[in-house]
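What follows is each chain in one-letter form.
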Amino acid sequence: MHSVQTKNRQFTPVQAGAPLNWRMPPFVHLKNAEPYKREEGESMRINIGYFTSTGNTLWLALKAQEIMEQQGHAVKLYEIINDQNAFVEDECDLTGFFYPVWGSNPPDPMVEFRQNMPEGNGKKIFLIGNCCALYGDTGFHWKKIMDKKGYDVFYTNHFIMPTNFNLPFEPENYWKRVPLEAERNKILSKAEKKIPNVCADILKGKKNLDGTGPIARLEGALQRETYWIGSGYKSHFSINKERCIDCGLCYRMCPSENISINVNGDKVFGNKCMLCVKCYNLCPVNAVLICEKSIDDKKYRRYKGPSSEIKPVEYRK
Ligand SMILES: Cc1cc2nc3c(=O)[nH]c(=O)nc-3n(C[C@H](O)[C@H](O)[C@H](O)COP(=O)(O)O)c2cc1C
Ligand code: SF4
Ligand code: SF4
């Protein structure tokens, strides 16, 4: 059994091939196409796996896809839970992962995916994280794990995006406040300016590793070790019945299928929450609460995502 970096996590890692928590089928094989040896002007098949809670990661991945396709490459995006079969089966020249930083780790489904990846045989990988402030050594730490499996992680980089981690805790909503529209747009436009350069470097096969300095390494280690502290909030989810309009979105979009609907039609939280805060942020009427005080949604703002064009990923009907 592999060990994890964090303690007290709801989801413990599993051995390769064992049944997975996320409805993921046992890992089959990440098909290895020819190693990355692109001639000048030759196009590549690039497969990108992503996980997003409130849409920032998908927004970035879609922008990158567009830019890379404009350069003549074939780029496919795979949602790490829904499209896992296709992601592991489809051959490509280059694999990328787009992910939000969760306490200097990728989100739990990606940690699990990573653990179950087979030998890499030199396959080229790039890792693009995004966070609201601190990414520590997330990419570099991931690279070290992948290197041991024989992958060649040649590129890691991060974007700063608006926060979605707005637990109802003062000061500053525990972490950072969800930005208002003008501030959100400023953050997004900064990210948008950075994307073409990041894509150009990846396509050139340029090496880039971020989070390698001693401060980033320390920050990463500390965040991974203390990340479990937030897990207390997992048991404080509830739904305000007066607000709820019974749209069922929270039930459909929860990545761990932690929300069920009982015989009375009430939404009930189970014990599989991974604190992605997606239901809390994206409920259209802010009926999902974390602790009673979050009923004050002016004080405890919800993050509705980077654009209304990015719809929440759904996992069941
Ligand atoms: C569980 C959780 C943990 C997070 N941890 C961090 C963190 O360690 N550092 C950081 O800067 N942002 C952190 N964030 C903020 C997100 O990384 C950031 O808002 C990201 O852009 C969200 O992407 P998404 O909309 O694709 O889910 C965290 C968010 C969540 C939900
Ligand atoms: S998303 Fe919100 S409104 Fe819709 S069912 Fe869930 S709690 Fe109710
Ligand atoms: S219950 Fe809400 S916060 Fe927990 S995993 Fe499901 S969507 Fe995410």
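Each value, and the rule that gives it
Residues numbered from 1 in each chain as written. Chains lettered and ligands numbered in written order. Predicted model: local features only at pLDDT ≥ 70, side-chain atom pairs only at ≥ 80, totals over all residues. Helix = DSSP H or I, 4+ residues; strand = E, 2+ residues; numbered from the N terminus. Expected span 1.5 Å × (residues − 1). Buried ≥ 20, exposed ≤ 12 C-beta atoms within 10 Å, placed from the backbone. Arc of directions from axis to C-beta. Contact = placed C-beta atoms within 7 Å. Near = placed C-beta within 6 Å. Nonpolar A, V, L, I, M, F, W, Y, C, P; charged D, E, K, R; others polar. Right-handed = clockwise from strand over helix to strand, strands pointing away. Pairing = 2+ DSSP bridges. Core = buried A, V, L, I, M, F, W, Y, C linked by C-beta atoms within 7 Å. Axes fitted to C-alpha atoms, helices over the stretch in contact; angles between N-to-C directions.

Draft legend 1. View of helix 6 (residues 214–226). Look at helix 6: 18 Å from first C-alpha to last across 13 residues, which is about the 18 Å you get at 1.5 Å a residue. Considered for burial, the residues of helix 6 that qualify are Ala216, Gly220, Gln223 and Arg224. End-on, the buried residues of helix 6 take up no more than an arc of 95°, which puts them together on one face. Those residues of helix 6 that are exposed and angled more than 90 degrees off the buried face are Pro214, Ile215 and Leu218. Structurally, helix 6 contributes buried residues whose contacts are with helix 4 (138–148).

Draft legend 2. View of the environment of asparagine 82. In this structure, asparagine 82 sits in the loop between strand 2 (74–79) and helix 2 (84–89). Judged by local crowding, asparagine 82 falls into the partly exposed class, with 16 C-beta atoms found within 10 Å. C-alpha separation for the pair asparagine 82 and valine 313, spaced 231 residues apart in sequence, amounts to 9.0 Å. Residues in contact with asparagine 82, not counting those within four places in the same chain, are Val313 and Tyr315.

Draft legend 3. The arrangement of helix 3 (residues 108–115) in detail. Buried residues dominate helix 3, accounting for seven of its eight residues. Those residues of helix 3 lying buried are Asp108, Pro109, Met110, Val111, Glu112, Phe113 and Arg114.

Draft legend 4. Fine view of the site of ligand 3. If you check the shell around ligand 3, you find 15 residues, and the closest are Cys254, Asn258, Cys273, Cys276 and Cys279. Residue contributions to the shell around ligand 3 peak at three residues, all from helix 8 (residues 278–282). A breakdown of the residues in the shell around ligand 3 according to their chemical character gives twelve nonpolar, two polar and one charged.

Draft legend 5. Representation of the site of ligand 2 within the structure. In the vicinity of ligand 2 there are 14 residues, among which Cys244, Cys247, Leu249, Cys250 and Cys283 approach most closely. The residue makeup of the shell around ligand 2, split by class, is eleven nonpolar, one polar and two charged.

Draft legend 6. View of the pairing of strand 1 (residues 45–50). The buried fraction of strand 1 is high, at five of six residues. Handedness of the crossover is the feature at issue here: the chain leaves strand 1, passes through helix 1 (residues 56–70), returns alongside strand 2, and the resulting connection is right-handed. Two strands pair when backbone bridges link them, and strand 1 and strand 3 (residues 94–100) are joined in this way by five bridges, in the parallel orientation. Residue pairing for strand 3: tyrosine 50 is matched across the bridge by phenylalanine 98.

Draft legend 7. Highlighting the nonpolar core. Within the largest apolar cluster, 66 residues are counted, with the highest numbers of intra-cluster contacts made by Tyr50, Leu60, Phe98, Cys250, Cys279 and Val288. Here cysteine 250 is in contact with Ile259, Lys267, Cys279, Cys283 and Val288, once residues within four sequence places are set aside.

Draft legend 8. Molecular detail of the sheet that holds strand 4 (residues 124–131). Strand order in the open sheet made by the five strands is 2-1-3-4-5, with parallel pairing throughout. This sheet does not close on itself; its edge strands, each paired only once, are strand 2 and strand 5 (152–160). Each strand of the sheet is rotated relative to its neighbour by a mean of 20°, with strand direction disregarded. Relative to strand 5, strand 4 runs parallel, the two being bridged by eight bridges. Bridged to glycine 129 within strand 5 is histidine 158. Sheet strands touched by helix 4: strand 4 and strand 5. Its angle to strand 5, the strand with the most contacts, is close to 160°. Helix 5 (residues 181–204) contacts strand 4 and strand 5 of the sheet and is inclined by roughly 165° relative to strand 5.

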